[in-house]
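# Examination of the molecular architecture
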Amino acid sequence: MSYPQARIGVIGGSGLYQMADLADTVEVQFNTPFGPPSDALVIGTLAGERVAFLPRHGRGHRLLPAELPFQANIYAMKMLGVEYLLSASAVGSLREEYRPRDIVFPDQFFDRTKDRPSTFFGDGLVAHIGFDQPICTELAHLAAEAARSVELIGETRIHTGGTYVCMEGPAFSTLAESRLYRSWGMDIIGMTNLQEAKLAREAEICYATMALVTDYDCWHPDHGAVTVELIIDNLHKNAENAQRIVRAVVERLHTAAPPCTSHSALKYALLTQPADVPQATKQKLAAILANYPAYRPED
Ligand SMILES: CSC[C@H]1O[C@H](OP(=O)(O)O)[C@H](O)[C@@H]1O
Ligand SMILES: Nc1ncnc2[nH]cnc12
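Quick caveat: nothing in here was measured; it's all calculated off a predicted structure.

Rules used throughout
Residues numbered from 1 in each chain as written. Chains lettered and ligands numbered in written order. Predicted model: local features only at pLDDT ≥ 70, side-chain atom pairs only at ≥ 80, totals over all residues. Heavy atoms only, no water. Near = heavy atom within 4 Å. Polar contact = N/O pair within 3.5 Å; in protein donor to acceptor, adjacent residues only side chain to side chain. Areas by Shrake-Rupley, 256 points an atom, 1.4 Å probe, with all protein chains shown as cover. 1 Å grid on protein atoms, 1.4 Å probe; cavity = no way out; pocket = protein on both sides within 12 Å on 5 of 7 lines; lining within 4 Å. Sits in = over half its atoms within 2 Å of the grid points. Helix = DSSP H or I, 4+ residues; strand = E, 2+ residues; numbered from the N terminus. UniProt positions renumbered as here; feature names shortened; annotations may be inferred. Contact = heavy atoms within 4.5 Å. Phe/Tyr/Trp six-rings, centres within 6.5 Å; stacked < 30°, edge-to-face > 60°. Buried < 20%, exposed > 50% of the residue type's maximum accessible area, 1.4 Å probe, protein only. Lys NZ or Arg CZ within 6 Å of the ring centre and 35° of its normal. Points joined across faces, edges and corners; volume = space filled by probe spheres on them. Nonpolar A, V, L, I, M, F, W, Y, C, P; charged D, E, K, R; others polar.

### A word on the site of ligand 2
Neighbouring ligand 2 are the residues Ala90, Val91, Gly92, Met167, Phe172, Ile189, Gly190, Met191, Thr214, Asp215, Asp217 and Ile231. A distance of 3.4 Å separates a nitrogen atom of ligand 2 from a polar atom in the backbone of Ala90. Gly92 has a polar backbone atom sitting 3.2 Å from a nitrogen atom of ligand 2. The fraction of the free accessible surface of ligand 2 (260 Å²) that becomes covered by protein chains is 95%. In a pocket analysis with a 2 Å cut-off to the grid points, ligand 2 is assigned to the largest pocket. If you list the elements that add at least two residues to the shell around ligand 2, you get strand 5 (84–93), strand 10 (188–190) and strand 11 (206–215).

Below, the structure is given as structure tokens:
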């Protein structure tokens, strides 16, 4: 079966369930070897590029962070030929100077999730990708430059760098946890991006996060506890900025997509000898292993 192709993917988080700017759209309902993605993917044209959009929690926000089908979401992007993937996500700020409605392009993650699926491998094929730089530097840089180049509404400031703590949720942090993350030097907090980044790396997709600050979590003495109402209110105020930035990112990728080492992340990562890998595993991972002829399933 053949699918429409898109070189750029966007995963929208809380409050970002569609991309109004996409033209000539088609919807594809996938069933990947890892099950169905969060929702149908919408593929359309933006700034001359085909772009695939997926609402992470599904339209209507139906899925908890721990219920997200991370593997299926990334596998579907791979099936569409996506090479560059931008996540737009709501985050809490753990730093005074990252104010609600600012936008951060983080460069590190810290994992506080519990036992979520975060690899495509196993079932007879062992692989270990490098993940010391979990966010693709070139894409994050391009996206931050794009964000700085557009006219933004309000007093939104753009920040580069920082560590995104990925917590389990769905409850927000306790005050003790929030204070501890700050004492560890963490910068922003969310519940979704770490598994996506890991799986994107395994799928050799270049990945970066545009983190939309919606609140000060619960540590800030001058701000109350975080609520969904506050988050969605700030996200709605920033949704137009997010769309403008996505367009500018796509324009830049259309003109000059940066080379990225993620595109060859499996080159030295596959450990199991091809002859020892079960045929069923090769079949299951066919979209991810297409560049490695020895691991292709036999006809
Ligand atoms: C709606 S508040 C908490 C929720 O928002 C963030 O989601 P996303 O990363 O998809 O924008 C956070 O990670 C939580 O899932
Ligand atoms: N304070 C917070 N903690 C976790 N996830 C969030 N998403 C938005 N704000 C958040």
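Here the narrative resumes.
### Concerning the UniProt feature "site: Important for substrate specificity" (unreviewed entry) in the chain
The UniProt entry lists Ser173 and Val228 under the feature "site: Important for substrate specificity" (unreviewed entry), expressed in the numbering used here. Considering the C-alpha atoms alone, the annotated residues occupy 56 residues of sequence yet fold into one spot, their largest mutual distance being 13.2 Å. From the list above, the largest pocket is lined by Val228. Relative to the helices and strands, Ser173 resides in the loop between strand 9 (163–167) and helix 3 (175–183). Residues contacting Ser173, with those up to four places away along its chain left out, are Met167, Ser178, Tyr181, Ile189, Asp217 and Cys218. Examined against the element boundaries, Val228 turns out to sit in helix 5 (residues 228–255).

### Some details on the environment of Ala52
Considering the arrangement of structural elements, one finds Ala52 in strand 4 (residues 49–55). As for Ala52 and Cys166, which are separated by 114 residues in sequence, their C-alpha atoms are 24 Å apart. Apart from the residues lying within four places of it in its own chain, the contact partners of Ala52 are Ala6, Ile8, Gly9, Val10, Leu41, Val42, Ile43, Met77, Leu80 and Val82.

### So, the packing of aromatic side chains
Summed over the entire model, instances satisfying the criterion amount to 8 aromatic pairs. Residues Phe109 and Tyr164 carry aromatic rings whose centres are separated by 5.2 Å and whose planes lie at 80 degrees to one another, so their mutual orientation is edge-to-face. With Phe109 in strand 7 (residues 108–112) and Tyr164 in strand 9, the pair connects residues that are 55 residues apart, well separated along the chain. The exposure classification of Phe109 matches that of Tyr164, with both residues buried. Taken together, a centroid distance of 5.9 Å and an interplanar angle of 55 degrees make the contact between Tyr181 and Trp184 tilted. Of the residues examined, Tyr181 reaches a relative accessible area of 2% and is grouped as buried. On the basis of relative accessibility, which here comes to 41%, the residue Trp184 falls in the partly exposed class. Taken together, the ring pairs connect Phe34, Tyr75 and Phe120 into an aromatic cluster. The residue whose ring lies beneath Arg182 is Trp219, and the NZ or CZ to ring-centre distance is 3.6 Å.

### Things to note about empty space enclosed by the protein
Applying the stated criterion to the full structure yields 1 cavity of 30 Å³ or more. By volume, the largest cavity is sized at about 80 Å³. Every residue along the wall of the largest cavity is listed here: Val10, Gly12, Leu16, Gln18, Met19, Phe53, Ala88, Ala239, Ala242, Gln243 and Val246. Those elements that provide at least two residues to the lining of the largest cavity are strand 1 (8–12) and helix 5. By residue number, the principal contributor to the lining of the largest cavity is helix 5, which donates 4 residues. Of the residues belonging to the lining of the largest cavity, the class tally is 8 nonpolar, 3 polar and no charged.

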